[in-house]
Amino acid sequence: MARNDESATASMSTHANQYIREFLHAQERPPEIAARYFYSAPLAIDDPLSPLPPPTTGSSTRRHPPRPFSKYDNHSLNNTWLDLRRKILKYTESVGEKRGSLDAAGSSTTAFLRRRTRRDGSSSADDTSRATSKARDIPVGTARANRASTSSAEGSLQRNKDIVGGAAGSLTGSLRVLDPTDASGSLDNTDTTGTPFIRAPSRKHLPTAGMQRLPEGRQRPAARELDSYKWDDEEDQNAAKNKNDGRRESKNLPASPSAKVPVGVSRLHNVVLSAENIRMEPIYWSPVNDVAQVVRGTWFYKDSMLPVEEDVANMLELGYVELRPWSQTWSDELNSAVEVGAHGEMKILHKLWPEKPSAVDSRPATSSEMNAGLVINTLDVAPDTPEKEREETVQMACDLIDVSTGADGPDNKAGGENQFGADGRLRQYLKAGVIYANEKDAYMLRPNLQPSAYYGRRPLANYIRKGRSIGICVTRGFDQEIWDRLHPPKKSTRATKAREGVSTAQAGASFGRRQEDDPEIAQSERPQVTDLVLVIHGIGQKLSERIETYHFTHAINAFRREVNVELGTDSVKRNLRKDMGGIMVLPINWRLRISMEDAARKDPTEVEDPSMNQYTLKDITPDTLASVRGIISDVMLDIPYYLSQEHNPKMIAACVQEANRIYRLWCLNNPGFAEWGRVHLVAHSLGSVMAVDILSQQPSHLPRHLGDPSTPEASLPKSHFIFDTKSLFLCGSPVGFFLLLKKAALLPRRDRRKPGVDSYTATTPGVAGEQGTYGCIAVDNVYNIVNPYDPVAYRVNAAIDAPYAATLKPATVPSASPGWFSLASSSTSSLAHPISSAESAIGIKPSTTVRLPSNVELETHNFSREEIAEKRVSLLNDNGQVDFVLKYGGGAFEIQYLTMLGAHSSYWLSKDFVRCIVQEVGRGFGKQGTLAAMRAVKKKGALG
């Protein structure tokens, strides 16, 4: 008996292998598709000057037309996907061996085989329990591929329904050769009838729609040994146990393979490739409505080069595989159809979607059919919805497409989830017929445009062959020339400067490779980032959780674009140091990491004390003026929170941890940056106060291993940054007021080695301070940039040395108008400039006649104090001063109180501010690297 089983197993394996060789692999493989990956996002990641659309607010979701990735990124994405596809197949086989050929628990082992993301939000475990497909489901026997005409898709799906077994694109199930162990396992399975590959429904798989309740008092018949339906209650009792065992087993399985590919001209986003979906998400900050769906397009609308809907594209590819339009045979058939007329064109029309098959006869099975093993389930089954039927049709079509190319061949399927159709709306073209005009182009025709002998319609002869428009023309593969013609690249001077100045956020391919693969993006060599600028926000970011327009990331995205433009400006580039590379600007969103209500939550492990009273901000907030109170609590309460002893450490720690997280991630993507890179901080509003607090505790010298991504996170410090800060830019800063509150001075660090300054200067008594002293910050240069109409901003020169600060002329940030560098360095820079209302608001007065000091002033002047002050200022800033004023407002009809409203948030939009940051970050070291326009100038008649 065992010998007979072995011979039957070997015979079935032989039949299955012969079926795969003769049917599945007999035809010539279709040509590989020039697939193109698209993303749907409001911000173009490959355009440094892409306009920033207004962020969506509320529940409204705006669909954005998909944008193609660059050639270079598309090449990387496609290669990564093909490699990941092979890993997924190996993962499927390894996990399948561990879990068995068919898992009744409905595990996630085949969840990644789904070809499309579930729009109904159903779990992958439920999906895969229906999608499990193994090689033993291949029927015994051989078949030949027959090319169908009008109903080719329907015939193909019906003939191969047992092949795919309802699997969602299971390459393993379609291509795997039948193993003897699988065949024997199927014979031993108690859920089968005894005839190979004809599976009787188990009670646990039966739908409940047609089940009838037993009359009261009547018992079910006892389970018999040969009863394949197993009507006993034992399975019901163990159903929950089996399900829980399956869940525990799935937890022990290895994670499904996935991959990440950095994309975009600045490499600030990753495309996450997995079996479940493809998406693009930011690398360095939390997503802000910028997690974009990625689509792998295979068929495209020829008039726009936008990808065809995923399901439609896969059905088009199935028809392409069936009819073989790339062959000479198909070309001959098209010519014959034109000669025959409308009847001939009706024969070459391919139905995009198969017609619904007729209902199965539910008559009782005859004895001969029972003996042959043709068991039919006659119970009432709830019919599938049209959406479910189409989904299964697409899944089976994907399997046939995979079969046509092979496991190691190209992937000709569309992927992802398209959210934007030809005119913005998604369509399925359920009644469409397709005429494949050649090896690339096809025409989708609605019913009243399809060939008809009765009406004499001949679309192939009268329209397609004559180049006349009819129906919807789609093309197989992406055409870059058509896209460039429809979407010409920007060629303005500003766009050219931005492309030249943009930096990449990740060390990657060489310039030569980028130039070869993507000439549009690689028009100039992407400079390696040498200076990382981290921007710390101030108050108000709690409000961004409700109103996205206020999110700090949007402001920094705009700020980064302006930095790219300035780096490409000739007047800026010639003043940068020789080893200067690129500048990358990243936000530090510390406020989103913490909640001020955590302290009020009860600890469940502690015994409740009836005398304790815990309450929250919501408990003490009146119900009136809810919107106004909400804005005030989200914006203004950050200040008293920071001044409280309980919340201050929490806010400091959040800022430190977020900055360190981004820096470690940056060093991971840019190996070696910790050794040669420079880090700068830009701090706004309350963020500037936090930066001074942290840098006052910052060690003057840090060990190099802190920047190593391999260093365990638990060993990193929580009270200070793990990087050395070269420059600190304060904007809209109340630091001067906080220094006054604590009666502290702004001091340099004594043991810090600053480029261009001798060690004697720092060790002079009274010049510098020590770590831990508030206001004694570990930086090389500090800048305090003030908008004169900003009511929050204060000056800090006096906090260094008040008498010395009184001798300095108020310094103005040079204008970003063309040629200001040359004007600043020329002899005309000493000429008096007109005084605006903004300058007069901070005390700048027109120059008067030069007055020489008197003998009394010379005798009473303290030159030793002035020497200490000058050394102290030079250690804090190479320019000899810290305060710089932005030109803002002015005009005959200016109302200062109205101008004040937007002054505090105006820094990111100021071209003067952006150019100042770029120039001071990229200039040479020491005083010799400063610009004349930024150097301190004493007032006329001042001593020294």
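Coordinates for the structure precede this section.
Residue numbers run consecutively from 1 along every chain, following the written order of its sequence. In view of the model being predicted, local features appear only for residues whose pLDDT reaches at least 70, and side-chain atom pairs are presented and counted only at 80 or more, with totals across whole chains, interfaces and linings using the full set of residues. In computing side-chain properties, one takes all heavy atoms of the structure into account and sets aside hydrogens as well as water.

## Overview of the overall build of the chain
Part 1 of the argument: Strands here mean DSSP runs of E at least two residues long; helices mean DSSP runs of H or I at least four residues long; both are numbered from the N terminus. Counting its secondary structure elements, the chain contains 35 helices and 17 strands.
Part 2 of the argument: When burial is assessed residue by residue, the chain has 48% of its 944 residues classed as buried.
Part 3 of the argument: Whether two residues touch is decided by their heavy atoms; if any such pair falls within 4.5 Å, the residues are in contact. Of all intrachain contacts in the chain linking residues separated by at least 6 positions in sequence, the fraction that spans at least 24 positions is 80%.
Part 4 of the argument: The Shrake-Rupley method, run with a 1.4 Å probe, gives the accessible areas here. Residue values count only the displayed protein chains as cover. For the chain, the exposed area adds up to about 46,800 Å²; of that, 52% sits on carbon and sulfur atoms. Under the scheme applied here, a residue whose accessible area is under 20% of the maximum for its type counts as buried, over 50% as exposed, and between as partly exposed, the area being computed with a 1.4 Å probe on protein chains only.

## Brief notes about the pairing of strand E13 (residues 582-588)
Part 1 of the argument: The element E13 is largely enclosed, with a buried count of 7 among its 7 residues.
Part 2 of the argument: Covered by surrounding structure in E13 are Gly582, Met584, Leu586 and Ile588 together with Ile583, Val585 and Pro587, the residues of both alternating faces.
Part 3 of the argument: Direction of pairing for strand E12 (residues 529-536) relative to E13: parallel, over a ladder of 7 bridges. Bridge pairing in E13 places Val533 opposite Val585. If DSSP finds at least two bridges between two strands, the strands pair.

## So, helix H25 (residues 686-697)
Part 1 of the argument: Its 12 residues place the ends of H25 17 Å apart at the C-alpha level, agreeing with the 16 Å of an ideal helix rising 1.5 Å per residue.
Part 2 of the argument: Within H25, 11 of the 12 residues are buried, which leaves the element mostly enclosed by the surrounding structure.
Part 3 of the argument: The elements touched by buried residues of H25 are E12, helix H22 (638-643), helix H23 (648-669), strand E14 (678-684), strand E15 (725-731) and helix H26 (735-741). Expected helix span is computed as 1.5 Å times (number of residues minus one).

## Examining the environment of Met444
Part 1 of the argument: Residue placement: Met444 occurs in strand E10 (residues 441-445).
Part 2 of the argument: Each C-alpha atom, one on Met444 and one on Leu349, is 9.8 Å from the other, the two residues being 95 residues apart in sequence.
Part 3 of the argument: Excluding residues within four positions of it along the chain, Met444 makes contact with Tyr301, Val312, Leu316, Leu352, Tyr429, Gly433, Val434, Gly471, Ile472 and Val474.

## Notes on the pattern of salt bridges
Part 1 of the argument: We count a salt bridge whenever a side-chain nitrogen from Lys or Arg sits within 4 Å of a carboxyl oxygen from Asp or Glu. Within the structure shown, the criterion is met by 33 salt bridges.
Part 2 of the argument: Among the ionic pairs, Asp579 bridges to Arg577, the shortest N-O distance being 3.1 Å.
Part 3 of the argument: Of the residues examined, Asp579 reaches a relative accessible area of 53% and is grouped as exposed.
Part 4 of the argument: In this structure Arg577 comes out as buried when scored by relative accessible area, which is 11%.
Part 5 of the argument: Close ionic contact of Asp638 with Arg591 constitutes a salt bridge, the shortest N to O distance being 3.1 Å.

## Here we look at a nonpolar patch on the surface
Part 1 of the argument: Exposure above 30% relative accessible area and the lack of any salt bridge qualify a residue for a patch; like charges then connect within 9 Å, and the nonpolar side chains Val, Leu, Ile, Met, Phe, Trp and Tyr within 5 Å. Taken together, the side chains of Leu625, Val628, Ile632, Met636, Ile639 and Leu643 make up a nonpolar region of the molecular surface, amounting to roughly 540 Å² of accessible area.
Part 2 of the argument: Elements with a contribution of two residues or more to the nonpolar patch: helix H21 (626-635) and H22.
Part 3 of the argument: With respect to the secondary-structure elements, Ile632 resides in helix H21.

## Observations concerning the sheet that holds strand E6 (residues 292-297)
Part 1 of the argument: Strand order across the open sheet formed by 6 strands is E2-E1-E6-E5-E4-E3, with antiparallel pairing between neighbours. At either end of the open sheet lies a strand with only one pairing partner, and these are strand E2 (67-68) and strand E3 (258-263).
Part 2 of the argument: With 4 bridges connecting them, strand E1 (residues 36-39) and E6 associate as antiparallel partners. Bridge pairing in E6 links Tyr37 to Arg296.

## Some thoughts on the sheet that holds E10
Part 1 of the argument: The strand order E7-E11-E10-E9-E8 describes an open sheet built from 5 strands, whose pairing is antiparallel. Of all strands in the sheet, those with a lone pairing partner are strand E7 (299-301) and strand E8 (350-351), marking the two edges.
Part 2 of the argument: Bridge count between strand E9 (residues 433-436) and E10: 4 bridges; the pairing is antiparallel. Opposite Gly433, over in E10, you have Leu445 as the bridge partner.
Part 3 of the argument: In the packing of helix H9 (residues 310-323) onto the sheet, the strands contacted are E7, E8, E9, E10 and strand E11 (472-476), and the crossing angle to E9 comes to about 50°. For helices, the fitted axis covers only the stretch in contact; all axes are lines through C-alpha atoms, and the angles between them, taken along N-to-C directions, range from 0 to 180 degrees.

## Regarding unusual backbone geometry
In most cases, non-glycine residues show a negative phi, while peptide bonds are predominantly trans.
Part 1 of the argument: The phi angle at Met305 is positive, at roughly 60°, despite the residue not being glycine.
Part 2 of the argument: Positionally, Met305 belongs in the loop between E7 and H9.
Part 3 of the argument: Assessed through its relative accessible area of 0%, Met305 is described here as buried.
Part 4 of the argument: One non-glycine residue, Ser685, lies in the positive phi region at around 55°.
Part 5 of the argument: Counting through the fold element by element, Ser685 comes out in the loop between E14 and H25.
Part 6 of the argument: The class of Ser685 is buried, set by a relative accessible area of 3%.

## A word on the nonpolar core
Part 1 of the argument: The set of buried Ala, Val, Leu, Ile, Met, Phe, Trp, Tyr and Cys residues whose side-chain atoms join them within 4.5 Å is what this entry labels a nonpolar core. Counting 61 residues, the largest nonpolar core has Leu534, Leu586, Met651, Phe723, Leu728, Leu746 and Val782 as the members making the most contacts within it.
Part 2 of the argument: Sorting elements by how many residues they give to this core places H23 first, with 10 residues.
Part 3 of the argument: Counting 39 residues, the second largest nonpolar core, distinct from the first, contains Val312, Tyr436, Ala442 and Leu460.

## Some remarks on the packing of H9 against helix H13 (residues 386-405)
Part 1 of the argument: Axis separation between H9 and H13 bottoms out at 9 Å; the angle between their running directions is 45°. In terms of orientation, H9 lies oblique with respect to H13. Considering the relative orientation of H9 and H13, their crossing is left-handed. Note on element contacts: H13 touches H9 through Thr393, Val394, Ala397, Cys398, Leu400, Ile401 and Ser404, opposite Asp311, Asn314, Met315, Glu317, Leu318 and Val321. Angles below 35 degrees are treated as roughly parallel, those above 145 as roughly antiparallel, those between 65 and 115 as roughly perpendicular, and all remaining angles as oblique. Here is the rule for handedness: rotate from the far helix to the near one, and if that takes an anticlockwise turn smaller than a right angle the crossing is left-handed, while a clockwise turn gives right-handed.

## Notes on the packing of helix H18 (residues 552-567) against helix H35 (residues 911-922)
Part 1 of the argument: At their nearest, the axes of H18 and H35 sit 9 Å apart, and the two run at 65° to each other. As for how H18 packs across H35, the hand of that crossing is right-handed. Two secondary-structure elements touch here, H18 through Phe559, Glu562, Val563, Glu566 and Leu567 and H35 through Lys911, Phe913, Val914, Arg915, Ile917 and Val918.
Part 2 of the argument: Partitioned by chemical class, the residues of the contact of H18 with H35 number 7 nonpolar, no polar and 4 charged. Three classes are used: nonpolar for Ala, Val, Leu, Ile, Met, Phe, Trp, Tyr, Cys and Pro, charged for Asp, Glu, Lys and Arg, and polar for all others, with Gly counted as polar.

## Describing the environment of Val692
Part 1 of the argument: Within the secondary structure layout, Val692 lies in helix H25.
Part 2 of the argument: Judged by its relative accessible area of 1%, Val692 falls in the buried class.
Part 3 of the argument: With near-sequence residues (within four places) excluded, Val692 lies in contact with Leu728, Val735, Tyr774, Gly775 and Ile777.

## Section: the packing of aromatic side chains
Part 1 of the argument: Ring pairs are drawn from Phe, Tyr and Trp, using the six-membered ring of Trp, whenever the two centres fall within 6.5 Å, and their geometry is named by plane angle: stacked under 30 degrees, edge-to-face over 60, tilted for the rest. For the structure on display, the rule yields 26 aromatic pairs.
Part 2 of the argument: When the centroid spacing of 4.8 Å and the interplanar angle of 45° are considered together, the rings of Tyr39 and Phe69 count as tilted. One end of the pair, Tyr39, is in strand E1; the other, Phe69, is in the loop between E2 and helix H2 (71-99), with 30 residues separating them in the sequence. Neither residue differs from the other here; Tyr39 and Phe69 are each classed as buried.
Part 3 of the argument: Relative to Tyr436, the ring of Trp299 lies with its centre 6.2 Å away and its plane at 70°, an arrangement referred to as edge-to-face. One end of the pair, Trp299, is in strand E7; the other, Tyr436, is in strand E9, with 137 residues separating them in the sequence. Taken as a pair, Trp299 and Tyr436 share a single burial class, namely buried.

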